[in-house]
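# Survey of secondary and tertiary structure
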Amino acid sequence: MEDKLHSLFNILDLTGTFAFAISGATAARQRGLDLFGILAIAFIVACGGGIIRDLCIGSIPPAGLTNWRYLVTAFTASVITIGLFSLVQRLNRPVIFFDALGLSLFAVTGAQKSLAFGHNAEVAILLGITTAVGGGVLRDILLNRVPVILEKEIYASAALVGATIVVLGNHFKWLPSDLTAIIALIVCFGLRLLALHFHWNLPVYSTTKKIQS
Amino acid sequence: MEDKLHSLFNILDLTGTFAFAISGATAARQRGLDLFGILAIAFIVACGGGIIRDLCIGSIPPAGLTNWRYLVTAFTASVITIGLFSLVQRLNRPVIFFDALGLSLFAVTGAQKSLAFGHNAEVAILLGITTAVGGGVLRDILLNRVPVILEKEIYASAALVGATIVVLGNHFKWLPSDLTAIIALIVCFGLRLLALHFHWNLPVYSTTKKIQS
Amino acid sequence: MEDKLHSLFNILDLTGTFAFAISGATAARQRGLDLFGILAIAFIVACGGGIIRDLCIGSIPPAGLTNWRYLVTAFTASVITIGLFSLVQRLNRPVIFFDALGLSLFAVTGAQKSLAFGHNAEVAILLGITTAVGGGVLRDILLNRVPVILEKEIYASAALVGATIVVLGNHFKWLPSDLTAIIALIVCFGLRLLALHFHWNLPVYSTTKKIQS
């Protein structure tokens, strides 16, 4: 089954793992967690969404637990974050940047893997989003705050667009699937960065907007 | 396998989905979440408990992800909640009412589906409760508060009673299973409403009752 | 498959269930939860990590849901905690003691069960840790606080050491597997108690150590 997912999938998936692990390690270090806490949060942010996806599509055991490449990638990213923390912090909002990159990569690979396991378009789109946002939601739950994806600029919606492009491309086959994946990736990443830059938000309806702190 | 669960199951299950989605969308809108946040919380409250149940009984992929009826039902309920919010708010404690309805419906359908997949009475009762309270617990975790089910009037205990009636009915076969389901539903819903009205609570033992805020 | 896990596994696993249920029931009672809340938290702390492990290794339905021994053990521990609460409180830091015991037992049995299901060393170590810390993390999420394992004295690292000893013992077969299990248990438990006594911590890197409250 994994064979249907060729090399571009693996490159994108490990790049997403690296990006989310940087974002997770940075957040954990900013919160003052110890070495294990940093490694654990980095690994959970990087692999948590994919593990939930794998449980839902029946890929047992989840790739994040059984394939050493994910663990090594997440730990390498953590060590780089710890070692070069002053550099990482000097970069402009690095957590947000790596987070947007991981979001786009995982929306694409999450949808691809669900399709490769023979599931329908709805499953692929919902699990594309889940793969993309799951790690970040777990991070926020563990750090005891309302998940940022529920409050801020177009985020999961960008993952929805990326996953939908993958599903449409797989259905209509207008383009080679690698090209579709790259288009989906660029659209999702661009949408997220533009939303951050211009503070695009989805409509809010409530008259009582204050979130309890 | 799904064939064992005939039409009444589907009607009850989609009604529960609708009820919990109304409850989730209302809570999300009151917290000032954006359009995606409202849809996401509504979907998670409506389908989260069932997805956990399906993972535990080996129904892969979970029905909440693969069957479009759940998604459409949850989104319809969200749109109604957003569009008619002033009406929904004017109803007397609508979140609590729809919550009690969803609780009762899912306690019954959760136990039924576990039995239909060939699992034992313990699994059916525990997963009946999980289906019933899982979505609400996920909502409270995402909104960063102690799950209300751990603090208030007889709630999960009502789901326990409903699921147990389904399991006993399935074992002794005194009545047609549809009739057993309706009795379980009425008992659970009635118990929950009476508990709310009379503030019935289970015993509390601690001398330090204050919950940290 | 379960047959590969003979009697010592079952004894250790039920002892761990009992220890974690005591720790969970004590924490829940201290927070003023009602009878159901205490039973629910005790069961979740005792069985939550194992249920996540079973989902990941494909042991469906999870043993914690299908084997009545776990439920009965967790409820017995809860009743003892409620009935003898003044005694339990007088013991020196009983939550921490039973927690350390459950941690060590579950790190060993979690790794053993993953290996018995034919998974690799990485899966066994990661799920040994998950079994050991999963219940406590769920408890802290439900009680709405940052999981203590992310902040305090060597904890999950002790589980890592215990699970690794099981995996190495299984690979090299220098000793009978029961003896390896007992060594792993003693090392993990001793490490945790020594860390508590001497306040051993893993390195912390951040300059801003204050956790937001």
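Above this note sits the structure.
Everything in this summary refers to the structure shown in the same document. (Residues numbered from 1 in each chain as written. Chains lettered and ligands numbered in written order. Predicted model: local features only at pLDDT ≥ 70, side-chain atom pairs only at ≥ 80, totals over all residues. Heavy atoms only, no water.)

### Overview of the packing of helix α1 (residues 7-30) of chain C against helix α4 (residues 68-83) of chain C
Between two packed helices, the angle of one axis relative to the other and the distance separating the axes together describe the packing. Residue and element names in this part refer to chain C. For the pair α1 and α4, interaxial distance at closest approach is 8 Å and the crossing angle is 40°. Taken as axis vectors, α1 and α4 run oblique relative to one another. The element α1 and its partner α4 pack so that their crossing is right-handed. Here α1 contributes D13, L14, T17, F18, A21, I22, A25, T26 and R29 to the contact with α4, which in turn contributes R69, Y70, T73, A74, A77, S78, I80, T81 and I82. (Axes fitted to C-alpha atoms, helices over the stretch in contact; angles between N-to-C directions. Helix = DSSP H or I, 4+ residues; strand = E, 2+ residues; numbered from the N terminus. Parallel < 35°, antiparallel > 145°, perpendicular 65-115°, else oblique. Left-handed = near helix turned anticlockwise from the far one by under 90°. Contact = heavy atoms within 4.5 Å.)

### Observations concerning a nonpolar patch on the surface
Residues and elements named next belong to chain A. A cluster of nonpolar side chains, contributed by V161, L168, F172, W174, L175, L179, I183 and V187, occupies part of the molecular surface with about 740 Å² of accessible area. Elements supplying a minimum of two residues to the nonpolar patch: α8 (156-172) and α9 (177-198). Within the secondary structure, W174 sits in the loop between α8 and α9. (Patch = residues over 30% accessible without salt bridge, like charges linked within 9 Å, V, L, I, M, F, W, Y side chains within 5 Å. Areas by Shrake-Rupley, 256 points an atom, 1.4 Å probe, with all protein chains shown as cover. Salt bridge = Lys/Arg side-chain N within 4 Å of Asp/Glu carboxyl O.)

### What to know about the interface of chain A and chain B
Across the boundary between the two partners, chain A contributes 30 residues, which contact 28 residues of chain B. Of the roughly 2500 Å² buried between chain A and chain B, counting both surfaces, carbon and sulfur atoms make up 65%. Here chain A and chain B share 0 salt bridges between them. At the junction of chain A and chain B, the tally comes to 2 residue pairs in polar contact (both at pLDDT 80 or more). Secondary structure elements with two or more residues in the side of chain A that touches chain B: α2 (35-57), α7 (121-142) and α8 of chain A. A per-element tally of the side of chain A that touches chain B places α7 of chain A first, with 6 residues. Across the side of chain A that touches chain B, the residue classes tally to 17 nonpolar, 8 polar and 5 charged. (Buried area = accessible area lost by both parts, 1.4 Å probe. Polar contact = N/O pair within 3.5 Å; in protein donor to acceptor, adjacent residues only side chain to side chain. Nonpolar A, V, L, I, M, F, W, Y, C, P; charged D, E, K, R; others polar.)

### With respect to the relation of the copies chain C and chain B
The two copies are related by a screw motion: chain C maps onto chain B through a turn of 120° and a shift of 0.0 Å along the axis, at an RMSD of 0.0 Å. Expressed as an axis order, the relation between the two copies is that of a three-fold axis. A share of only 11% of the interface residues of chain C reappears at the interface of chain B, consistent with the copies meeting through non-equivalent patches. (Least-squares fit on C-alpha atoms with pLDDT ≥ 70 in both.)

### As for the pattern of salt bridges
All names here are of chain B. What the rule picks out here adds up to 12 salt bridges over all chains. Of the charged contacts in the structure, one is a salt bridge between D140 and R139, with a shortest N-O distance of 3.2 Å. A residue is classified by how much of its surface remains accessible, and D140, at 1% relative accessible area, is buried. Relative accessible area serves as the criterion here: at 6%, R139 is assigned to the buried category. (Buried < 20%, exposed > 50% of the residue type's maximum accessible area, 1.4 Å probe, protein only.)

### Re the relation of the copies chain A and chain B
Note on the copies: chain A fits chain B at an RMSD of 0.0 Å, the axial shift is 0.0 Å, and the rotation between them is 120°. A distinct binding surface is used by each copy, with only 10% of the interface residues of chain A retained as interface residues in chain B.

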